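Reading the structure
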Amino acid sequence: MKPHAPHAPTAFAAADLGATSGRVVVGRVGRDSLELTETHRFDNTPAQLPDGLHWNALGLHQGVLDGLREAAARWDIASVGIDSWAVDYGLLDADGALVGNPFHYRDPRGGAAVEDVWRRVPARDLYRITGLQHLPFNTVFQLAAEKNLDRARTLLLIPDLLTHWLTGTVGTEATNASTTGLYDARTGNWSTPILAALGLDAAVLAPLRRPGDHAGTVLPHVAAATGLRPDTPLVAVASHDTASAVAAVPATTADFAYISCGTWSLVGLELDKPVLTDASRAANFTNELGIDNTVRYLRNVMGLWLLSESQRTWRARGQRHQLPELLERAAAARPFAALVNPDAPEFLAPGDMPARLAEYCARTGQHLPDDPGAVVRCILESLALAHRHTLRRAVELTGRPVRTVHLVGGGSRNALLCQFTADATGLPVIAGPTEATAIGNILVQARTHGLVADRRAMRRLVARTQHLKRYEPSGDTRAWDSAAARVGLS
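Residues numbered from 1 in each chain as written. Predicted model: local features only at pLDDT ≥ 70, side-chain atom pairs only at ≥ 80, totals over all residues. Heavy atoms only, no water.

A separate point is the packing of aromatic side chains. The way to describe two aromatic rings as a pair is by their centre distance and the angle between their planes. Scanning all chains against the criterion turns up nine aromatic pairs. Where F347 meets Y360, the ring centres are 5.8 Å apart and the plane angle is 40 degrees; that geometry is what we call tilted. Pair noted here: F347 is in the loop between α13 (323–332) and α14 (353–363) and Y360 is in helix α14, with a separation of 13 residues, a long-range link. Side by side, F347 and Y360 carry an identical accessibility label, which is buried. Joined through ring pairs, the aromatic side chains of W55, W85, Y105, F137 and W264 make up one cluster. The ring of W305 has R106 sitting right over it, with the charged end atom 3.7 Å from the ring centre. (Phe/Tyr/Trp six-rings, centres within 6.5 Å; stacked < 30°, edge-to-face > 60°. Helix = DSSP H or I, 4+ residues; strand = E, 2+ residues; numbered from the N terminus. Buried < 20%, exposed > 50% of the residue type's maximum accessible area, 1.4 Å probe, protein only. Lys NZ or Arg CZ within 6 Å of the ring centre and 35° of its normal.)

Here you go:
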């Protein structure tokens, strides 16, 4: 039975799509309460087709519908918000039909188009306009390799595509638009000069929405399929999952850094304006939009992808190592026996990650033991060094002091990584919430409904209601200094 008590918390549904799975989470928000319930989780498995690596967009849509149906069966849902990874998109033709399955950002096609884009818009000019970290899968490079643009009338990023299927409306949420390489970080709009230089039709890009904007109401067939009220609104949340995660960082002071840690580690600071200097471009930092027109000044670090791909490889060999066992063995392994730069290009694509780690170590004069515990220690120490290096460069480039690191997302459950990050940075690490992305999604909806006053109030509510754990630095930082020098992360 759905609760109807007049002072009961209000229920919001968040569809949170990650690179390996999606889920629908219901958040019940009151003045001093924030409770989460996952109603449905589903796999997000890409498909390798003859023309490349693709997402199963229709499967994601069905997973969202299934989750919303479970949510509506239990609560009176006030609104729905959708977030996902960045850069990838679907194309719609003149009839509104999807033009092929969206490509996966790990498909190599974008990298092949980088030089062509740079011939039209030099890398320095591209950064001066967009402030975007160079990644070969950024939307601008994918579009340069796109073969279906002549059939396309509308481009929608993944959360906006799913919003369109639920509501029939068309728009592009701005935090995700800021990851495309087509968005002007100075004006807050699509970049006319970049579109003109690349020969892209501006009409293909949907109007921009901001976090908190109304994005339509569910279509009649969606209401019938899910049990949602026919007037249930969709709210444009911070639809880039990292923007939602940063919105939920439980910081109580301004001198914090964040690490949104999962498949990727997004490491950076929250600023009031972008940093578009040549030094920032050389350091490959990005200026992406956050809620309230803040700037997420960060770098992508490869993240726990290295660990998840290693586990997948071991499972395929019949070696079913559970994560607690791996972490226990890693804690007992010899410190700094082997290290890698997690951002080396050979670690980007799916594949046999332990073999790639071993090849990297052999090439750099190291020996990577075959023991899975030692491999995991190599991964976690290397990630901690990358976290440290990125945070120190962010402080140098912005002049912003950092006294606390907030590590949110799935990686906050990894106690060994949290402790290594504290030890490497010499800063306390506050781990949690694990469900930061879903929480940020839900709190933007709650703010739209008047239940939370502002960004500070959102963060205070997270700090009061969610489980957090503090890790203090320990050990000799000189050992981390020496380790960093070995892999060029000083």
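The subject of this paragraph is the sheet that holds strand β16 (residues 265–271). Spatial ordering of the open sheet is given by β17-β18-β16-β15-β19-β20-β21, a layout of seven strands whose pairing is mixed. Of all the strands in the sheet, just β17 (286–289) and β21 (469–471) have a single pairing partner and so form its edges. Put simply, the sheet's adjacent strands are angled 30 degrees from each other on average, direction ignored. Pairing of strand β15 (residues 256–261) with β16, which is carried by four bridges, proceeds in the antiparallel orientation. (Pairing = 2+ DSSP bridges. Axes fitted to C-alpha atoms, helices over the stretch in contact; angles between N-to-C directions.)

Take unusual backbone geometry next. Trans peptide bonds make up the majority, and among non-glycine residues the majority have a negative phi. The peptide bond linking G432 to P433 adopts the cis configuration, its omega dihedral lying at 5 degrees. Relative to the assigned elements, P433 resides in the loop between β20 (429–431) and α17 (436–448). For N284, which is not a glycine, the phi torsion comes out positive at approximately 60 degrees. For N293, which is not glycine, the phi torsion reads 60 degrees and is therefore positive. You can see N293 is positioned in the loop between β17 and β18 (295–301). Exposure remark for N293: the relative accessible area of 52% places this residue in the exposed category.

Chemically, a disulfide is nothing more than a covalent bond linking the sulfur atoms of two cysteines. All told, the structure shown has zero disulfides when counted by the stated rule. Here C361 stays unpaired: no disulfide links it, and the sulfur of C378, its closest cysteine neighbor, is 4.9 Å away. A relative accessible area of 0% places C361 in the buried class. (Disulfide = S-S within 2.5 Å.)

Our focus in this paragraph is the side chain of N138. Structurally, the position occupied by N138 is in the loop between α4 (123–130) and α5 (139–144). Residue classification places N138 among the buried positions, given a relative accessible area of 5%. The contacts of N138, once residues within four sequence positions are left out, are V87, L132, Q133, T179 and T180. (Contact = heavy atoms within 4.5 Å.)

Here we take up α13. When we look at burial in α13, the residues that qualify are L326, L327 and A330. Within α13, the buried residues cover an arc of 95 degrees as seen down the axis, which keeps them to one side. For α13, the exposed residues set more than 90 degrees away from the buried face come down to P324, E328 and A332. On its buried face, α13 is in contact with α12 (305–316), α15 (372–398) and α16 (415–425). (Arc of directions from axis to C-beta.)

We now examine α15. With 27 residues, α15 extends 39 Å from end C-alpha to end C-alpha; this agrees with the ideal 39 Å at 1.5 Å per step. Within α15, 22 of the 27 residues are buried, leaving the element largely enclosed by the surrounding structure. Capping the start of α15, D371 holds a side-chain oxygen 3.0 Å from the backbone nitrogen of G373, two or three residues further along. After α15 finishes, the residue G399 shows a positive phi value of roughly 75 degrees. (Expected span 1.5 Å × (residues − 1). Polar contact = N/O pair within 3.5 Å; in protein donor to acceptor, adjacent residues only side chain to side chain.)

Turning next to the confidence of the model for the chain. Looking at the chain, the pLDDT average stands at 95 and 99% of residues meet or exceed 70. Contacts from residues 1–6, a stretch scored under 50 in pLDDT, to residues over four places away or in other chains number nine contacts. (pLDDT = per-residue confidence, 0-100.)

Burial of strand β2 (residues 21–30) is extensive: 10 of the 10 residues sit out of reach of the surface. Here β2 shows two buried faces, one formed by S21, R23, V25, G27 and V29 and the other by G22, V24, V26, R28 and G30. Sheet topology note: the strand β1 (residues 10–17)/β2 ladder contains eight bridges and is antiparallel. Counterpart to A14 in the pairing with β2 is V25. Count of turn residues in the β1/β2 antiparallel hairpin: three residues. Here 10 bridges tie β2 to strand β3 (residues 33–43), and the two strands are oriented antiparallel to one another. In the sheet register, V29 faces β3, and the bridge partner there is L34. Counted between consecutive antiparallel strands, the loop separating β2 from β3 contains two residues.

A word on the pattern of salt bridges. In the structure shown here, the tally under the stated rule is 32 salt bridges. For R229, the salt bridge identified is with D76, shortest N-O distance 2.9 Å. Placement of R229 in the loop between α9 (220–226) and β14 (233–236) and of D76 in the loop between α1 (57–74) and β6 (77–83) is noted, with a sequence separation of 153 residues between them. The exposure class of R229 is partly exposed, given its relative accessible area of 31%. What emerges from the salt-bridge pattern is a single network uniting D16, R23, E38, R41 and E435. (Salt bridge = Lys/Arg side-chain N within 4 Å of Asp/Glu carboxyl O.)

This part is about the pairing of β14. A two-sided burial pattern is seen for β14, the buried positions comprising P233 and V235 on one face and L234 and A236 on the other. As judged from the three bridges shared by strand β13 (residues 213–217) and β14, these two strands associate in the antiparallel manner. In the sheet register, H214 faces β14, and the bridge partner there is V235.

In this structure, V29, I77, F347, L380 and L443 are the most contacted members of the largest nonpolar core, which totals 139 residues. Beyond its immediate stretch of four places on either side in the chain, L443 contacts V29, L34, V452, M458, L461 and V462. Ranked by size, the runner-up nonpolar core spans 26 residues in total, among them F141, L143, W190 and L289. (Core = buried A, V, L, I, M, F, W, Y, C linked by side-chain atoms within 4.5 Å.)

Turning next to the environment of R459. Tracing the chain through its elements places R459 in helix α18 (residues 455–465). Taking C-alpha positions, R459 is 33 Å from G59, a pair spaced 400 residues apart along the chain. Apart from residues lying up to four places away in sequence, R459 is in contact with V246, A247, V249, P250, A251, F256 and E270.

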